[in-house]
Amino acid sequence: MAPWLPTKDKFGVAVWNFPRTKEHHLPLQVGEMVHILQASEGWYCGYSLRNRAARGIFPASLIRLKGTAVEQRGLEESAVPSDMPMVQEITTTLREWATIWKQLYVAGQTERYGQVKRMMQELMEQRSQLLSGTLPKDQLLRLRKEVTGKMDYGNKILALDLVVRDEDENILDPNRTSVISLFQAHRRAAQTLSQRIQEETSSQQRAPGHGTHGAASPSHNLYLCVRNFVCHIGEEAQLFMALYDPGEQRIISENYVIRWASTGVPQDIELLNNLRVVFTDLGSADLKRERLFLVCQIIRVGRMDLRDSHSRKLSTGLRRPFGISVMDITDITKGTCDSDEDKQHFIPVHLVAADGDFLHNMIRKAVEGKDINHKGQGLWVSLKVLWGDLSQVRKDHPHLVDRSTAVARKLGYPEVIMPGDVRNDIYLTLVQGEFDKGSKKTQKNVEVTVCVCDEAGNVVQNVIHAGAGDSPSSHYRSVVYYQQRHQRWMETLKIAVPIEDVHRTHLRFTFRHRSSSDSKDRSERIFSMAFVRLMRPDGTTLRDGEHDLVLYKGDSRKLEDASAYLSLPWERNAPEPKLSSGSSFRVSGAAAALAPSSRDSFQISTLVCSTKLTQNVNLLGLLKWRSKPSLLSGNLQKLMNVDGGEVIKFLQDTLDALFSIMMEHSDTDVYDALVFDALVFIVRLVADRKFQHFNTVLEAYIRQHFSATLAYKKLLSVLTQYVEQAGRGEPCESLPRTFKALEYIFKFIVRSRRLFAQLYEGKEVAEFQRSLQRFFLALNQLMQSPLEGPTLLSQGAALKYLPTILEDVFGIFDSSTLGAVLRDFVGNLQPQRLLKQKLQSLTDIASSKAFQCHECRELVLQAALPILQELIQAGEEEDACIELLSSILEVLYQAQKAQVKKHIQVILERLLHTVNRRVIVLDRENPLRSHYVACMATILSQMDKDHYSTYIQAFPSRPELMDFLMETFILFKDLIGKTVYPGDWVVMNMVQNREFLRAINHFATTLTEMFLSNSDFELQLWNNYFHLAVAFLTQDSLQLENFSPAKRNSILAKYGDMRATIGASIRDMWYSLGQRKIEFIPGMVGPILEMTLVPELELRKSTIPIFFDMMLCEHRLSGTFSRFEDEILRRLDSEVEGGRGDEQYMQLFKSILLSCCQSHPELAKPGEDFVRLVSELLERLLDYRAVMNDENKTYSMSCTVNLLNFYKEIDRQAMYIRYLYKLKDLHISYENYTEGAYTLLLHARLLTWSEESNAAPVPGPHGLHLHTQRQLKEALYNQIIEYFDQGKMWEEAIHICKELAEQYESHVFDYEMLSDILQREAKFYEKILKVLRPSPDYFAVGYYGQGFPTFLRNKIFIYRGKEYERREDFEMQLLSPFPNAEKLKSTSPPGQDITDSPGQYIQCFTVQPAEEAKVRLKGRSIPEQITNFYKANHIQRFSYSRPFKRGPSDPDNEFANMWIERTTFRTAYPLPGILRWFVVISTETIIISPLENAIETMMKTNEKIMSEINRHQNDPSLPINPLSMLLNGIVDPAVMGGFSKYEKAFFQELYMQEHPEDAGKIEKLKDLIAWQIPLLAEGIRIHGQKVPEDLRPFHERMEQCFEQLRAKVEAEYGVREMMFFEDRRSGRPRSIAWVPDWDRLSHAGASTEAPPTPKAARRPSESEERRESRASAIFGSRRQDARQSISELPEPKDEKWRLSCTVSESSQSIDRKQPLPSQAAAGAQPSTAGSSLSPTGFGGRVKSASKLPPLPRKFSPSVYETFLEQSDAAAAGKVSPTVDGNRSLKSPPLPPPKSKRLSQL
């Protein structure tokens, strides 16, 4: 194979998945970037940028190479793509979003998922456009803005980091940008994003881009595209489309004209599918109109009436009304619905219904009307709102708007007049007219013809525009309405006459009747005429508004003769001689042939939109001032009253006139003030928002057209005069207005001076400077004035506007002089006068070019810094102070370092401490705080080592320096812990950290130099330093491992890992303490621990040895390191629980400290013990943390118990109690009330009934107001009782009640509480007997395999199930935390292949409680509600029986070889306990033979019969069905195979010979069979009493079967008779009780001795002993071994503990007064043969079975359990058989005298 060679192509992207099939392969996924190091024959070697540690080879064919740039960072070489930065950013963003996008899908956030998907698709498409390299520069810039906006918005909604950019959309480099600029950029970006998100989430949806473009652009446009027009007309048509305001009832835009052919297509076929128009000049006020409509007037061109036939010759070419269409476009223009060029809207047509339907009236009605039956006739249009002026729209939307797109302008000026917008349009509207029919029989069909004529009457060609999209014409003909006297046209057209022809042109209107017949129509002549002059006699244009014109009649030729009518008046209400109806006037010449019409009228409306024509006579007088010099003063004064729009239209002409006046009167000052005021007026006009774009026009005028060389003298003279006048306190109203125009006044002054200097070669320089100095001197005198009123206003205006002239003045004055002027200007103002304006003025000065000069800046700072210091200290005008300080700091950052060093030192000494203290004082919520912090970080960033040194030395005393350092350390720590910036301001936080780190390290040097020696040592100062440094190191923004790879790499590249730097400083500072270290133990243990837990390997290795140093210091001083040990154990718990620490830390901690300890013999053993202790704690804490957030809290409980056991073992009571309450809360959250009660008991047992105070803090509500141990213990007991009650553990609750009752009765004598507790106790007794309480099931669960956590791995647990919980449900919950675990189907223990495998295997099966022998329950008549509790609770041993066959198989008798493998599990603690499960600590497996199995089966059957009998005796209302099924299953011969099977299997001579050792067991089995007969007899008796009549045959059948069974059994195994005793309490039914001895059953042949007889004692003398015994049984002795786990319930030491809550004290007292029945049986002398007293409470007798005796008349039950014991003894070989083969029986005592015999069945 060819050798591996380094490759030049070092960067690529995988275009195909590459799985790892061999060890040296590098697996890749599509899109993964790789760094290629070597190449060889189609293979590459390198690593993925996702995991730089893993290297391997991969096919070259799967990699697409990309251009790269190799960056060298130290010794490490890295390759980055050479794509443009924007493309790289998009790529990184897409990768980051993709991860979150998948998480959104998994989380089910479908709306956000879809939104991110759309944005990612758009970004990918835009990335492709950027990579194409084909976009022009302007489109590329727009695309960059759109892309960055989309990425920033997406980052915001996905809670990612905020990216800050410059004006060109490039990401700001924090290394090349000042901190204050970064802060301001962050704030702007955050505000922009917040506004966009608010718009996106607003319920009122805005159109795309409306919020951003609409606010910035003064001009709006509506794009209209007519897709189709469907209407059956039959003739040519004209469509006039315009915008209509129904509120004003007028059209507000020019018309868009479409000429439609009769064939249904546009007349100009080239316009097909290209009928587009843009309605422009719409302002924000237009978009805010209450309603806005798009209207279309449809005019057909042809015959008078469509119904006329073509048979006769008709007049054609008539413009007749056809219909209208209206559409409400308010939602589109306001942005409440989407405007899309692809969406089509249908506009139906309203047809003209009558001759009197004027189109304008139809529009007014239609906008308020309802839907009509349009029958599919109408227009299909598309609409879209566009922003910007027309040129911008053509750039932004070239596919919509091009040069061929028609433009319909607004009727009137736009809100903002653009300088290049030259217009000369006159809009004419034919409003209405009224015409007498004259000699005609009907009203006339009037047609108005409009034309533009010159003075000679010649028609000016092509100056009339019917609308946009239509070619101009010379004549315009109105719509003809049929036979209407009053006609209302409302038709608007545009007159565009060249500017030079306006003064000699006029409009002429001629009126003609139109006939439907062509021949008559030809003969019709003009019957009337009107005209309008466009220019008034005074030289102004026609005024806007409505005009009532004079109609003239006469010869048609004279009516068109201009010489005949131009001398006549044209308007009825004109200033000329007024005309009234019927009046006459004398005219001469040709005009005598024309007469005004008395019956006809005609009104028009005009609107002049011209930038060259004025309607103001005063402005015209000024422009032509030379014609009437005498009126000059008046015209100058009247200029102030001229409308601003008129002045702006003639801006250059007006300025030329003003300066020509000034120049031509240079020898006098008569007009100087007037010209100056006029100039101020014009400049203020330009500053208005409406004309804001004329600033450039004004500046261009100053640069290019202004030529008044002497103007500067007069302007400066008047300006100085005004300022001096105000400085003297004289009224000068014009001065504030003058200051507003000061910027442009000085531009004129400076420009004029430069022109003068050029013309006269720099003459009069000194004079000019003296004039300027005089002005500034006057200005400074004005600033000194203490006067109020106008003077105060003038001072405020001067402060605001003086900085605007600095750019112009800077080149005239030297920087020192200018700086002195500015210093005095600000300094002369009284201190508390105009503070805000003063600060704003200083801010503007700091932003000027003059401030960038070193000399000027130095002087200005002398005035600014004291003001800043004073105001910041006082907290006044803080917004302005921060703005000024920010401007100063930004200028200093931009300036050269050498020039600003002194200024930074001045700011440092003046403001650093002041700003720090202000940050401390301000509330956290104050928005100014973040700005102050940014200023502070900016100051720190500009400080070098010399600055720090000088600043430290400048403190006058050592205590002041210490106070400063203390304040700074506390402030830094507070700012790090609770940052003032939002979490997504990552760049800002990192830059702040960078500057804080520099400052901390500099201050650390100060500590070691000035505060370390013995005499100078300051413990608190050092302590604050260490806490600050650790807080800095552990802050969230520096924990790189929590960030994405891209973010982590970016931070490392720009800032490095600051944790390593500060960690090394902490270590060095610690070791520099020397003998002072002991003063920081244990105080610094916690912070150092927090630092070492940071998951950075090198940091851990370098800082963990500090722990050993602490141990060594304390050990050398005191011989131990107990304080250190206590503190680290305490802090380790909270730190690990908070998420810190891992396995790596545990191993490092162990290895490093053990290594250190071994190097010091005196610490070897104690150090090893300490390391082992911490390792064990860490292991438990990590286990606990790993499961604490799981949904299934089962394992959290286990880990909690492990921890509290550990804390008990090491005697940390406070931690122990803390975890006790955590465990209790977990139990209660899962309704494990019993376990919660037992958990609280562990705390209660630590307390005494004393008035001692609580030693350890108690979590939860108990610890707030319970101060003594008695109070706390009582509260805990009440809570425990409540939990036991909820968990139905009333026996346990009763015991607690008794102990509380004892305290209330004998110690605190609170009989009221005693009454309450006794009542609660009584209720619990009642619940035991009456409330249904099902016994829980128990499950054995084994966790096998190495895949489980250590506390589960290869262990078996016994779980206590909940009420009615099925094993299937339990298994589902069990498997839910381990979805990959496999369930074992076998119940056998798994082999080593399972336990050692890396997988997870779970085994689950049901186990049975192995009940312990309960002596106190034996031989007693106890209801099963009581006994059942002890069969399922307080159990520590559980068994599982698995049947199997051994030996030869007998198909006819399965019992012969049915063996049982019984496994007994012993748990660590009894159940229930503090957990619902406990680990199995031992297992024992025994094999039960078939005979023993038979004995066990018979005993269970007998017990079941006895249980049913007792149930029915105690509750006669029980249903009989269970008893019927039980009895029938035993006595019916059809199922009675058990006896015969046992006889065939075990009672044969062959079996006895083969198994002589089983003789006793065989006898026991026979006894059990015999004892079943009396039990069955009692059951059948009860059945006979309760059986219904319909089941009587069934009962009789059962009785017959039983008689046969009894006869057989008694003949073979003897007769057993039972004797019942009545309960001592009246009304209680008699019952049988039989409690089998399981131990003897399992170990046949073992004998059981009766418990010793207790000494007789009176209750009062033994009460204390009983209480102490009961308390110790539940809680354990108080004097325990300190190392014993207090979570472990004590082992039962006597039978009394097993009955902890079962037998009440009263019953015990009664029993002690007379011997127990078992004791009586043991000590009685034999009396009557064959009879005995049963320990169960009834008497019985055993008879010989040698022959079948006759059935007795009376049935006398025998003592059953006595014979069980004797049969056990016989099985053990202690009883020898008698001669007749029967066992010798011990004679029982006589029955009590009050006993009753059971009547015969």
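Residues numbered from 1 in each chain as written. Predicted model: local features only at pLDDT ≥ 70, side-chain atom pairs only at ≥ 80, totals over all residues. Heavy atoms only, no water.

So, the overall build of the protein chain
- Within the protein chain, the secondary structure is distributed over 64 helices and 40 strands.
- Taken over 1801 residues, the protein chain has a buried fraction of 52%.
- Contacts in the protein chain between residues at least 24 apart in sequence constitute 73% of all its contacts with a sequence separation of at least 6. (Helix = DSSP H or I, 4+ residues; strand = E, 2+ residues; numbered from the N terminus. Buried < 20%, exposed > 50% of the residue type's maximum accessible area, 1.4 Å probe, protein only. Contact = heavy atoms within 4.5 Å.)

A closer look at the pattern of salt bridges
- Tallied over the full model, the rule gives 90 salt bridges.
- A salt bridge links Arg289 to Asp245, with the nearest nitrogen and oxygen atoms 2.4 Å apart. Here the residue Arg289 occupies a position in the loop between helix 6 (284-287) and strand 14 (293-302), and Asp245 occupies one in strand 10 (residues 236-245), the gap between them amounting to 44 residues. Like Asp245, Arg289 is buried.
- Where Arg485 meets Glu434, a salt bridge forms, and the shortest distance between an N and an O atom there is 3.1 Å. One end of the pair, Arg485, is in the loop between strand 23 (475-477) and strand 24 (486-495); the other, Glu434, is in strand 20 (residues 424-434), and 51 residues separate them in sequence.
- Its relative accessible area of 31% is what places Arg485 among the partly exposed residues. (Salt bridge = Lys/Arg side-chain N within 4 Å of Asp/Glu carboxyl O.)

Some words on a negative patch on the surface
- Where like charges cluster on the molecular surface, the negative patch consists of Glu870, Glu876, Glu877, Asp879 and Glu883.
- Inspection of the secondary structure assignment puts Glu870 in helix 27 (residues 854-874).
- Looking at Glu870, the relative accessible area reads 43%, which means it is partly exposed. (Patch = residues over 30% accessible without salt bridge, like charges linked within 9 Å, V, L, I, M, F, W, Y side chains within 5 Å. Areas by Shrake-Rupley, 256 points an atom, 1.4 Å probe, with all protein chains shown as cover. Lys, Arg positive; Asp, Glu negative; His and termini not counted. Charge placed at Lys NZ, Arg CZ, Asp CG, Glu CD.)

Focus on the packing of aromatic side chains
- For the structure on display, the rule yields 67 aromatic pairs.
- When the ring of Phe346 is compared with that of Trp380, the centres are 4.4 Å apart and the planes differ by 50°; the resulting orientation is tilted. With Phe346 in strand 16 (residues 345-348) and Trp380 in strand 18 (residues 378-387), this residue pair connects regions lying 34 residues apart in the sequence.
- Here Tyr951 and Phe964 contribute two aromatic rings whose centre-to-centre distance is 5.2 Å and whose plane-to-plane angle is 75°, an arrangement assigned as edge-to-face. With Tyr951 in helix 31 (residues 945-953) and Phe964 in helix 32 (residues 958-977), this pair connects stretches of sequence that are 13 residues apart.
- With a relative accessible area of 1%, Phe964 lands in the buried category.
- Counting every residue linked through ring pairs, the aromatic cluster contains Tyr948, Tyr951, Phe955, Phe964, Phe969, Phe1003, Phe1017, Trp1022, Tyr1025, Phe1026, Trp1070 and Phe1080.
- Positioned over the ring face of Tyr153 is Arg196, at 4.4 Å from the centre of the ring.
- A cation sits over an aromatic face here: Lys1566 above Phe1547, 5.1 Å from the ring centre. (Phe/Tyr/Trp six-rings, centres within 6.5 Å; stacked < 30°, edge-to-face > 60°. Lys NZ or Arg CZ within 6 Å of the ring centre and 35° of its normal.)

Thoughts on the pairing of strand 16
- The two faces of strand 16 differ: His345 and Ile347 on one face are buried, but Phe346 and Pro348 on the other face are not.
- Pairing between strand 16 and strand 18: 4 bridges, direction antiparallel. If you follow Pro348 over to strand 18, its bridge partner there is Gly378. (Pairing = 2+ DSSP bridges.)

What about the nonpolar core?
- Within the largest apolar cluster, 335 residues are counted, with the highest numbers of intra-cluster contacts made by Phe659, Phe746, Phe1107 and Tyr1343.
- Top element by residues in this core is helix 33 (residues 986-1010). It accounts for 12 residues.
- Formed by 63 residues, the second largest nonpolar core is a distinct cluster that contains Val367, Val450, Leu594 and Val608. (Core = buried A, V, L, I, M, F, W, Y, C linked by side-chain atoms within 4.5 Å.)

Some remarks on the side chain of Asn1254
- Tracing the backbone shows Asn1254 in the loop between helix 45 (1233-1244) and helix 46 (1262-1265).
- Within polar-contact distance, the side chain of Asn1254 engages the backbone oxygen of Leu1266 at 3.0 Å.
- Asn1254 has contacts with Leu1247, Leu1266, His1267, Thr1268, Gln1269 and Leu1272, leaving out every residue within four places of it along the chain. (Polar contact = N/O pair within 3.5 Å; in protein donor to acceptor, adjacent residues only side chain to side chain.)

Some words on the sheet that holds strand 22 (residues 464-465)
- The strand order across the open sheet formed by 5 strands is 22-24-20-30-27, and the pairing between neighbours is antiparallel. Edge positions in the sheet fall to strand 22 and strand 27 (545-549), since each has one partner strand and no second.

With respect to unusual backbone geometry
- At the junction of Ile1081 and Pro1082, the peptide bond is cis and its omega measures out at 10° in the coordinates.
- Within the fold, Pro1082 resides in the loop between helix 36 (1058-1071) and helix 37 (1085-1092).
- Omega for the peptide link from Leu1471 to Pro1472 comes to 0°, which places this bond in the cis form.
- In the Ramachandran plot, Met490 falls in the positive-phi region, its phi being about 55° despite a non-glycine side chain.
- Inspection of the secondary structure assignment puts Met490 in strand 24.

Considering the side chain of Thr7
- The topology assignment puts Thr7 in the loop between strand 1 (5-6) and strand 2 (11-14).
- The class for Thr7 is buried, based on a relative accessible area of 14%.
- With residues near it in sequence (within four places) discarded, Thr7 still touches Ile36, Leu37, Gln38 and Ala39.

Describing the packing of helix 32 against helix 33
- Interaxial distance between helix 32 and helix 33 falls to 11 Å at its minimum, and their mutual angle equals 150°. In terms of axis orientation, helix 32 runs roughly antiparallel to helix 33. The way helix 32 lies across helix 33 gives a crossing that is left-handed. Seen from helix 32, the contacting residues are Arg958, Leu961, Phe964, Leu965, Thr968, Phe969, Phe972, Leu975 and Ile976; seen from helix 33, they are Gln992, Phe996, Ala999, Ile1000, Phe1003, Thr1006, Leu1007 and Met1010.
- In the contact of helix 32 with helix 33, the residues fall into 13 nonpolar, 3 polar and 1 charged. (Axes fitted to C-alpha atoms, helices over the stretch in contact; angles between N-to-C directions. Parallel < 35°, antiparallel > 145°, perpendicular 65-115°, else oblique. Left-handed = near helix turned anticlockwise from the far one by under 90°. Nonpolar A, V, L, I, M, F, W, Y, C, P; charged D, E, K, R; others polar.)

A look at the environment of Lys1101
- Looking at where Lys1101 falls in the secondary structure, it is placed in helix 38 (residues 1097-1103).
- Separated by 44 residues in the primary sequence, Lys1101 and Tyr1145 have C-alpha atoms spaced 9.6 Å apart.
- Leaving out residues up to four positions away in the same chain, Lys1101 has contacts with Leu1148 and Ile1152.

Description of the sheet that holds strand 13 (residues 275-282)
- Spatially, the 5 strands line up as an open sheet ordered 16-18-9-13-19, and their pairing is mixed. At either margin of the open sheet sits one strand with a lone partner, and together these are strand 16 and strand 19 (406-408). The sheet shows a mean angle of 30° between the axes of neighbouring strands, taken without regard to direction.

With respect to a positive patch on the surface
- On the surface, Arg684, Arg737, Lys740 and Lys800 cluster together to form a positively charged patch.
- Summarising the element assignment, Arg684 is placed in helix 17 (residues 672-687).

Digging into helix 26 (residues 835-846)
- In this model, helix 26 (12 residues) spans 16 Å end to end at C-alpha, consistent with the 16 Å of a helix rising 1.5 Å per residue.
- Buried residues of helix 26: Leu835, Lys838, Leu839, Ser841, Leu842, Thr843, Ile845 and Ala846, and no others. (Expected span 1.5 Å × (residues − 1).)

Some details on the packing of helix 17 against helix 19 (residues 711-727)
- Running from amino to carboxyl end, helix 17 crosses helix 19 at an angle of 90°, the nearest separation of the two axes being 10 Å. Classified by the angle their axes make, helix 17 and helix 19 are roughly perpendicular. Along its contact with helix 17, which presents Asp672, Ala673, Phe676, Asp677 and Leu679, the element helix 19 presents Lys714, Leu715, Val718, Leu719 and Tyr722.
- Per-class residue counts for the contact of helix 17 with helix 19 are 7 nonpolar, no polar and 3 charged.

Quick notes on the environment of Val1136
- Its place among the elements puts Val1136 in helix 40 (residues 1122-1137).
- On the accessibility criterion, Val1136 (0% relative accessible area) is buried.
- Taking the C-alpha atoms as reference points, Val1136 and Leu1093, separated by 43 residues in sequence, lie 8.7 Å from one another.
- Val1136 has contacts with Leu1178, Leu1181, Leu1182 and Arg1185, leaving out every residue within four places of it along the chain.

A look at the confidence of the model for the protein chain
- Summary statistics for the protein chain give a mean pLDDT of 81 and a share of 84% for residues scoring 70 or more.
- The model gives residues 576-590 a pLDDT under 50, and that stretch makes 17 contacts with residues more than four places away or in other chains.
- Throughout residues 1633-1741 the model reports pLDDT below 50, and contacts reaching past four residues in sequence, or to other chains, amount to 251 contacts. (pLDDT = per-residue confidence, 0-100.)

Here's the deal with the state of the cysteines
- Tallied over the full model, the rule gives 0 disulfides.
- With no disulfide partner, Cys296 has as its closest neighbouring cysteine sulfur the one in Cys231, 9.8 Å distant. (Disulfide = S-S within 2.5 Å.)

With respect to the pairing of strand 10
- Burial within strand 10 is extensive, with 9 of its 10 residues counted as buried.
- Sheet topology note: the strand 10/strand 14 ladder contains 9 bridges and is antiparallel. Its bridge partner lying in strand 14, Gln238 is registered against Ile299.
- Note: strand 10 against strand 12 (residues 256-260), 5 bridges, orientation antiparallel. Within strand 12, the position partnered with Met241 by the bridge is Tyr256.
- Pairing of strand 10 with strand 11 (residues 250-251), which is carried by 2 bridges, proceeds in the antiparallel orientation. Across the sheet, residue Tyr244 finds its bridge partner in strand 11, namely Ile251.
- What sits between strand 10 and strand 11 in their antiparallel hairpin is a turn of 4 residues, with Gln249 showing a positive phi close to 55°.

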